[in-house]
Amino acid sequence: MRSAAQIRVRGEAGRPLTLSDFCGLFGAEPESFTGGQVKAITTKDGFRVSDLGQAETEGVMIDVLKKTNSPELTVAGDAGSNSRWERGWAENLAEFDPSGGFETLRPKYVRSRQPVRLYQKFVMPQNPDFEYEWYKIFLEYLARQYMGDAGTIYEFGCGSGFNVAFLSQLFRNKKKVWGTDWAQSSVKIIDRMAHGGYNVEGRMFNFFEPDESFRLDEGAVVLTVGALEQTGTRYLPFLNYLLEQPISLCINIEPIVEWYDQSKLVDYLAVLFHERRKYMSGFPETLEGLEKKGELSLVKQKRSYFGSLYIEGYSQNIWRPQR
Ligand SMILES: C[S@@+](CC[C@H](N)C(=O)[O-])C[C@H]1O[C@@H](n2cnc3c(N)ncnc32)[C@H](O)[C@@H]1O
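Residues numbered from 1 in each chain as written. Predicted model: local features only at pLDDT ≥ 70, side-chain atom pairs only at ≥ 80, totals over all residues. Heavy atoms only, no water.

## Here's the deal with the packing of aromatic side chains
Item 1. All told, the structure shown has 38 aromatic pairs when counted by the stated rule.
Item 2. An aromatic cluster of at least three residues, connected via ring pairs, comprises F22, F26, F33, F47, F130, W134, Y135, F138, Y141, Y146, F306 and Y314.
Item 3. In this structure, K175 packs its charged tip against the face of F171, placed 4.7 Å from the ring centre.
Item 4. The ring of F208 is capped by R234, whose NZ or CZ atom sits 3.8 Å from the centre of that ring. (Phe/Tyr/Trp six-rings, centres within 6.5 Å; stacked < 30°, edge-to-face > 60°. Lys NZ or Arg CZ within 6 Å of the ring centre and 35° of its normal.)

Pasting the structure below:
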């Protein structure tokens, strides 16, 4: 894969993402951001991107196509997927010492020094950790905007536990944050966090066979990030489980294949990659159907227009069960 050093960009300085860009990408008002976030966005100069020339864009597209067509590319939810996640999170578990913070929980697939997709183009960020820094602002926005009133937060498919640790620290241990996953190594990370003083709890949970005995707290907020994507079309058991719970809100941050514009090549490449990996499909329509039946109310549906080389993973579907 091409690195920052290999890609020559047009105009050395590039252009910064402004607060107005963040508002547009998140579907947020400027008032939704804290002073600290505004400062991080506007003064640290960490969100500068440069357009790519035609040759660079074509090179990036060829790399994406090679990856998409690679025989090694794995498929979500297949027979080997559970053990692949086990192995991946076991690496994070081996490195994780809660007394040293939670940077080691950054998932290894959030890569540095790579072009990203922004407004249906590939661009090269100046900051090698652009996606990671963008994501932390996004997660804090979601937390402050939607989780403030909840006493308990549950992340399903919590993986390395990065989001669990981040939310637990953001709310200064005042909220209980649960992390569940079908991989044991992921739950062990949360257990280690709990022993290290975080107000968190871990539990095994499989989207394909929801454990009805796991009752969620009244008024809680549920979060998934790039987790339901892994279920293909098998997310209904989990949705039906959530509809029976006394939660106040569910926030699904997932790639939505139906929201790409297939007349744009950069979007079309994401569709190819998404389909090849057998990521989730039909999700917004399913939520809309459940809303028509009076089972839930949609609060927000927002395409992210930002993502990694391969997909836009940060689209928002936010809803609440109707009772
Ligand atoms: C791309 S990772 C996302 C992890 C985390 N949410 C994050 O944002 O870093 C997908 C996660 O979904 C979990 N997962 C996949 N299929 C699952 C299933 N059937 N039940 C529960 N978790 C599943 C994987 O173990 C993995 O931790």
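## Considering the sheet that holds strand β5 (residues 152-156)
Item 1. If you trace the seven strands from one edge of the open sheet to the other, you get β7-β6-β5-β8-β9-β12-β10, paired in mixed fashion. Lying at the two open borders of the sheet, with one neighbouring strand each, are β7 (200-204) and β10 (296-302). With strand direction ignored, the average angle separating the axes of adjacent strands in the sheet is 15°.
Item 2. Here helix α5 (residues 130-146) sits on the sheet and contacts β8 (221-225), β9 (249-254), β10 and β12 (315-321); the angle it forms with β9, its principal contact strand, is near 165°. (Pairing = 2+ DSSP bridges. Helix = DSSP H or I, 4+ residues; strand = E, 2+ residues; numbered from the N terminus. Axes fitted to C-alpha atoms, helices over the stretch in contact; angles between N-to-C directions. Contact = heavy atoms within 4.5 Å.)

## Some words on the site of the ligand
Item 1. Close to the ligand lie 20 residues, the nearest being W89, E155, G157, D181 and V225.
Item 2. One of the backbone N or O atoms of G159 is found 3.4 Å from an oxygen atom in the ligand.
Item 3. Contact between the ligand and D181: an oxygen atom at 2.6 Å from a side-chain N or O atom of the residue.
Item 4. Protein contact buries 96% of the 590 Å² of open area that the ligand shows by itself. (Near = heavy atom within 4 Å. Polar contact = N/O pair within 3.5 Å; in protein donor to acceptor, adjacent residues only side chain to side chain. Areas by Shrake-Rupley, 256 points an atom, 1.4 Å probe, with all protein chains shown as cover.)

## Quick notes on the environment of G24
Item 1. Mapped onto the elements of the fold, G24 is located in helix α1 (residues 19-26).
Item 2. Overall, the relative accessible area of 43% leaves G24 in the partly exposed class.
Item 3. C-alpha separation for the pair G24 and G100, spaced 76 residues apart in sequence, amounts to 35 Å. (Buried < 20%, exposed > 50% of the residue type's maximum accessible area, 1.4 Å probe, protein only.)

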